[in-house]
Each structure stands twice: as structure tokens, then as C-alpha cells.
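Okay, here's what each chain looks like letter by letter:
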Amino acid sequence: MTDGYEVPGATATVRLSAVVTRVTTLADRLGVAHAEVFHTGRLSTASGVPESVVKALLGGQSAGEPDLQARFLQRLGLLRRTRLKPNGRKYTQQEIADGAGMSRQQAGALINGDRRPTMEHCDAIQRFFRVHAGFLTAEDPEALASALRTSEQELLQRLADREREAAKAADDPLERLLQDHGVRGIAWRAAQLPSDQHRDKVAEWLDMLLESVKRPES
């Protein structure tokens, strides 16, 4: 305890550091820009953590809201700003109350910070907004780590797809020939020509070149 506040758990910070390292390694392996995978605005929306706190946590600083009710209000406010109705408008207190199975007075008290939320309140609101369990209550480092784990899974899928394509190419003699000899590059350039007549000229030129370099039969 520090000045009456609960210090965010060290384990959550360690987990965040570990997932940041894994995502960084995957991004480098795939050639994905760090600015893409660590986009602070996107991560803020996905995690509910304020963007300034996302930046601080990614920079290795100790940050985050230590009070549960304050976190709840931050995250609920973000949900109301970013998870909108199909017409682009915010959900009203009455709509949230109806969707979460509580009275309008209860919903209003929670939204305005006049009532401390219970886990049942949090679960009901999370189901209404279709976010994962713990979205409204997880410590900021854990919430950010959860959002980054989603990015990690997406990068792992991209890596698996790339390796599957590479394996397929290795098993296909024609595909291997195309890759080993740069044939795709030649074909791509020919495809940029404006007409079949131009491509025919390329084919004629290649025939002449092949004839000139043809190796004598052994």
C-alpha cells in the first residue's frame, strides 16, 4: 500500500513486459512496423486504458489508475464514446440499463460515479457492450497486455500463413523454379506492358536470348 492506494501488481507489469517482447520479436520477423502493432490509439480503444497511460506503460514506466472505481469510470466512459449504436449515437442511460438488466437509476448512479460497481454490475455492462470479462476492472498493465495478446495472435496467424505458403512453394517444382530464377519479376514487368504486341516482342527477345546462350549438348 502507498498513500492509501493499492500499487498495481508486479506480476501484471511482468506479464506486460513479456508480451511486449514477444510482439516486438514477431513484428520484426514479419517486417511489420512497430508503429502499427503498438499504435497507442488503437490499443487504448481495445484495452480501455487512456492513451497517455498506454504510452507510459509501453515506455516501461509505472503508470495506471490504482482505484477500481476510477478505472471503472474511465473504461465505461471510453466504451460509451467508442462502442456506438448503428446510427452513430451513444447509448443512453436507459438503453444501457435495459441491456444490462438494471434500473435506470442504478445505471445512472454507476455512470455518474455516485455508486461503486459490483462485479455483477461490471459483468452485465461488459456483456451489453460485448467486451471481454475484466474489461472494466483489470489493472491497466493487465488490460494492455490482454489487448497486445490479441495482436500477438494475429501476428502468429500471419507468420503461420507465410510459412505454410513457403512450404507449399518448396513442394511445388514449378513454384520453386519461379522463385529461384526470378521468373515472377520478369512476368510482372511484362504484365505492365500496354498490349499483347509488346509482350510478344518480349517473348521474341527472350527466344533470341535463349538461342544465343544455349549450351551445347553433351
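Let me begin by describing the structure that accompanies this report. What you are looking at is a predicted structure, and each value in this text was computed from that prediction instead of being measured.

**Concerning the overall build of the protein**
So, step 1. From N to C terminus, the protein includes 12 helices and zero strands.
So, step 2. The N-to-C order of helical and strand elements in the protein reads α-α-α-α-α-α-α-α-α-α-α-α.
So, step 3. Taken as a whole, the protein presents about 13900 Å² of accessible surface, with 53% of it coming from carbon and sulfur.

**Some details on the pattern of salt bridges**
So, step 1. One pass over the structure, following the stated rule, counts nine salt bridges.
So, step 2. When the shortest N-O distance is used, the salt bridge between Arg164 and Asp161 registers 2.3 Å. Note that Arg164 and Asp161 are positioned in helix α9 (residues 140-171) at a spacing of three residues, about one turn of the helix.
So, step 3. Judged by its relative accessible area of 30%, Asp161 is partly exposed.
So, step 4. The structure contains a network of salt bridges with shared partners spanning Arg15, Glu142 and Arg149.

**Overview of a nonpolar patch on the surface**
So, step 1. A cluster of nonpolar side chains, Ile186, Trp205, Leu206, Met208, Leu209 and Val213, forms an exposed patch at the surface whose accessible area comes to about 580 Å².
So, step 2. It is helix α12 (residues 196-213) that contributes the most residues to the nonpolar patch, five residues altogether.
So, step 3. Considering the arrangement of structural elements, one finds Leu209 in helix α12.

**Digging into the environment of Arg130**
So, step 1. Residue position: Arg130 is located in the loop between α8 (119-129) and α9.
So, step 2. Considering only alpha carbons, one finds Arg130 and Arg83, 47 residues apart in sequence, at a separation of 9.1 Å.

**Re helix α3 (residues 40-47)**
So, step 1. Of all the positions in α3, only Thr40, Leu43, Ser44 and Ser47 are classed as buried. Mapping the buried residues of α3 onto a view down its axis gives an arc of 105 degrees, with all of them on the same face.
So, step 2. Taken from the residues just after α3, Gly48 is the one with a positive phi, measuring 85 degrees.

**Digging into the side chain of Arg75**
So, step 1. Checked against the element boundaries, Arg75 lands in helix α5 (residues 68-82).
So, step 2. Taking the relative accessible area as the measure of exposure, Arg75 reaches 0% and is therefore buried.
So, step 3. Looking at Arg75, its side chain comes within polar contact range of the side chain of Asp140, at 2.6 Å.
So, step 4. Once residues within four sequence positions are removed from consideration, Arg75 is found in contact with Ser47, Gly48, Val49, Gly134, Phe135, Leu136, Thr137, Ala138, Glu139, Asp140 and Ala143.

**Points about the packing of helix α6 (residues 93-100) against α8**
So, step 1. The contact between α6 and α8 brings their axes to 8 Å, and the two run at 105 degrees. By the criterion of interaxial angle, the relationship of α6 to α8 is roughly perpendicular. Residues Glu95, Ile96, Gly99 and Ala100 of α6 form the contact with α8, whose own contacting residues are Ala124, Ile125, Phe128 and Phe129.
So, step 2. Its residues placed into classes, the contact of α6 with α8 shows six nonpolar, one polar and one charged.

**Regarding unusual backbone geometry**
What you tend to see is this: most non-glycine residues have negative phi, and most peptide bonds are trans.
So, step 1. Positive phi outside glycine occurs at Arg130, with the angle close to 60 degrees.
So, step 2. Assessed through its relative accessible area of 78%, Arg130 is described here as exposed.

**Side note on the nonpolar core**
So, step 1. In terms of nonpolar packing, the biggest core is built from 23 residues, with Leu16, Val37, Leu144, Leu148 and Leu155 touching the most fellow members.
So, step 2. Counting residues per element, the ones that place at least two in this core are α1 (10-30), α4 (51-58) and α9.
So, step 3. Apart from the residues lying within four places of it in its own chain, the contact partners of Leu148 are Leu16, Val19, Val20, Val23, Val37, Phe38, Leu43 and Leu58.
So, step 4. Counting residues in hydrophobic clusters, the runner-up holds 18 residues, among them Ile96, Cys122, Ala124 and Phe135.

**Things to note about the packing of α3 against α4**
So, step 1. Interhelical geometry of α3 versus α4 gives an angle of 110 degrees and a closest axis separation of 9 Å. The angle between α3 and α4 places the two elements in the roughly perpendicular class. Taking contact as the criterion, the partners of Thr40, Gly41, Leu43, Ser44 and Ser47 in α3 are, on α4, Glu51, Val54, Lys55 and Leu58.

Calculation notes
Residues numbered from 1 in each chain as written. Predicted model: local features only at pLDDT ≥ 70, side-chain atom pairs only at ≥ 80, totals over all residues. Heavy atoms only, no water. Helix = DSSP H or I, 4+ residues; strand = E, 2+ residues; numbered from the N terminus. Areas by Shrake-Rupley, 256 points an atom, 1.4 Å probe, with all protein chains shown as cover. Salt bridge = Lys/Arg side-chain N within 4 Å of Asp/Glu carboxyl O. Buried < 20%, exposed > 50% of the residue type's maximum accessible area, 1.4 Å probe, protein only. Patch = residues over 30% accessible without salt bridge, like charges linked within 9 Å, V, L, I, M, F, W, Y side chains within 5 Å. Arc of directions from axis to C-beta. Polar contact = N/O pair within 3.5 Å; in protein donor to acceptor, adjacent residues only side chain to side chain. Contact = heavy atoms within 4.5 Å. Axes fitted to C-alpha atoms, helices over the stretch in contact; angles between N-to-C directions. Parallel < 35°, antiparallel > 145°, perpendicular 65-115°, else oblique. Nonpolar A, V, L, I, M, F, W, Y, C, P; charged D, E, K, R; others polar. Core = buried A, V, L, I, M, F, W, Y, C linked by side-chain atoms within 4.5 Å.

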